[in-house]
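Inside the fold
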Amino acid sequence: MTSSMTFETMFSLKGRVALVTGAAYGIGFAIARALAKAGAKVAFNCRSRQHLEMALEEYRKEGVDARGYIADVTEETQVKDLIAKIERDLGTIDILVNNAGIIKRIPMTEMSVEEYRQVVDIDLVAPFIVAKAVLPGMIRQGHGKIINICSMMSELGRETVSAYAAAKGGLKMLTRNICAEYGGANIQCNGIGPGYIATPQTAPLREIQPDGSRHPFDQFILAKTPAARWGTPEDLEGPAIFLASDASDFVNGHILYVDGGILAYIGKQP
Ligand code: NAP
Ligand code: GCO
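Computed from a predicted structure; not experimentally measured.

Further remarks concern the layout of surface pockets. The space that makes up the largest pocket amounts to roughly 810 Å³. Where the lining of the largest pocket is concerned, the elements lending two or more residues are α1 (26-37), β2 (41-46) and α5 (162-182). When residues of the lining of the largest pocket are assigned to their parent elements, the largest contribution, three residues, is made by α1. Partitioning the lining of the largest pocket into residue classes produces 21 nonpolar, 13 polar and five charged. Every residue lining the second largest pocket is listed: M152, M153, L156, G157, R158, E159, Y196, F220, I221, K224 and I262. Broken down by class, the residue content of the lining of the second largest pocket amounts to seven nonpolar, one polar and three charged.

Right, dumping it as structure tokens:
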């Protein structure tokens, strides 16, 4: 805690402007809601008008005055326009959460190059595009927080997720490189590595089987997780507030794994 901070202010985001990409639902929605509850003015984007309208209603129900924008994070022109609109509507962005992401679960021998490129474009190239667009404003104002949403697959491989693991491994190193390049401008760039979280992205891995049993992968994750449960988007709220706040001003280039202990555990003996 630096001399200008008090315990009451070190986790406060009052007066800060936050952009959470892909925050129409899932992890991004929970993080954007948390940053707003901590005092930030929040903006989010997604590609679908339907998702945007649904999300705005959900934010309103939660008492969050979020600003929503349609923008595809892989399109640099759309991202530049997005940042300009947020700066017009809310002010210079203090906090960026690169959350938007997809996964394709296809064996490499069956995955097309186009499918591989689509995943890498969204999960690795887009965080570069968005960070590049917000860094000038952070440098001008002398502070900034960038949080990249990484993954267990930033550390581990798994069958059928080659593109995703390559992208999330690269995102870990992009996080460290932004730290290296802009730490001197008082910009902290860290990652959050969620474990297995119950969202639409992982719904296929949790489907109840025809015989009423749990999905085999669901059972596998429960055996691999010391907490013996799937994470929820809400489990990521505190870590996100910490990395977005003054409390983490000397934390840089770090990937904070929020995984219930998966990475520390060999797995329950069958
Ligand atoms: P999700 O439920 O599938 O939500 C993804 C969000 O990203 C949606 O709002 C989607 O909205 C948006 N999006 C996708 N492509 C986009 C694009 N090109 N431009 C703008 N928005 C885009 O995913 P999630 O489970 O919440 O995951 C969020 C992040 O956490 C991802 O980076 C994921 O890799 C990571 N993660 C997830 C887990 C997990 O277990 N769920 C664990 C570790 C890491 P539109 O489709 O409307 O654009
Ligand atoms: C998968 C899952 C994971 C999670 C997450 C784990 O198919 O293995 O979707 O990739 O989404 O990334 O941290």
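By the secondary structure assignment, T199 is in the loop between β6 (187-194) and α6 (216-224). The buried category is assigned to T199, whose relative accessible area is 11%. Here the alpha-carbon distance between T199 and G231, two residues 32 residues apart in the chain, equals 9.2 Å. Apart from the residues within four sequence positions on either side, T199 is in contact with G26, I27, R206 and P233.

Turning to the site of ligand 2, a few remarks are in order. Neighbouring residues of ligand 2: 14 residues in total, closest R105, S151, R158, Y164 and Q201. Within the contact set of ligand 2, an oxygen atom lies 2.6 Å away from a side-chain nitrogen or oxygen of S151. Here an oxygen atom of ligand 2 and a backbone polar atom of G195 are 3.3 Å apart. In the complex, the protein chains occlude 97% of the 330 Å² of accessible area that ligand 2 would expose alone. For ligand 2, the cavity whose grid points lie within 2 Å of the majority of its atoms is the largest pocket. Per-class residue counts for the shell around ligand 2 are eight nonpolar, four polar and two charged.

Our focus in this paragraph is the pattern of salt bridges. Enumeration according to the criterion identifies 14 salt bridges in this entry. Here E57 makes a salt bridge to R60, at a shortest N to O gap of 3.4 Å. Note that E57 and R60 are positioned in helix α2 (residues 49-61) at a spacing of three residues, about one turn of the helix. Given the relative accessible area of 35%, E57 is considered partly exposed. We note a salt bridge from D81 to K85, for which the minimum N-O separation is 3.1 Å. Remark: K85 and D81 occur in helix α3 (residues 76-89); sequence separation between them is four residues, near one turn of the helix. Given the relative accessible area of 38%, D81 is considered partly exposed.

Parameters at a glance
- Throughout, a residue's number is its position along its own chain's written sequence, starting from 1.
- Labels follow written order: the first chain is A, the first ligand is 1, and so on.
- Selection of residues for local features in this predicted model requires a pLDDT of at least 70, selection of side-chain atom pairs for listing and counting requires 80 or more, and totals for whole chains, interfaces and linings are taken over all residues.
- Hydrogens and water molecules were not included; the side-chain quantities draw on all heavy atoms of the structure.
- Grid points spaced at 1 Å over the protein atoms alone were grouped into cavities, where a 1.4 Å probe fits but cannot get out, and pockets, open sets with protein on both sides within 12 Å along at least five of seven lines, with lining residues defined by an atom within 4 Å of a point.
- Grid points are joined across faces, edges and corners, and a volume is the space filled by probe spheres set on the points.
- Numbering goes from the N terminus for both helices and strands, where a helix is a DSSP run of H or I of at least four residues and a strand is a run of E of at least two.
- In this classification, Asp, Glu, Lys and Arg are treated as charged, Ala, Val, Leu, Ile, Met, Phe, Trp, Tyr, Cys and Pro as nonpolar, and every other residue, Gly included, as polar.
- Each residue gets one of three labels from its accessible area relative to the maximum for its type: buried under 20%, exposed over 50%, partly exposed in between, using a 1.4 Å probe on protein chains only.
- Whether two residues are in contact is decided by their heavy atoms: any pair within 4.5 Å suffices.
- The nearness test applies per residue and asks whether one of its heavy atoms lies within 4 Å of the molecule or strand.
- Identification of polar contacts relies on pairs of N or O atoms within 3.5 Å, with a donor-acceptor requirement for protein atoms, meaning one able to donate a hydrogen and the other able to accept it, and with residues adjacent in sequence counted only if both atoms are side-chain atoms.
- For accessible areas, the Shrake-Rupley method is used with a probe of radius 1.4 Å. Any residue's cover is judged against the shown protein chains and nothing else.
- Just a note on the criterion: a molecule sits in a pocket or cavity if more than half of its atoms are within 2 Å of the grid points.
- Salt-bridge detection follows one rule: a side-chain nitrogen of Lys or Arg within 4 Å of a carboxyl oxygen of Asp or Glu.

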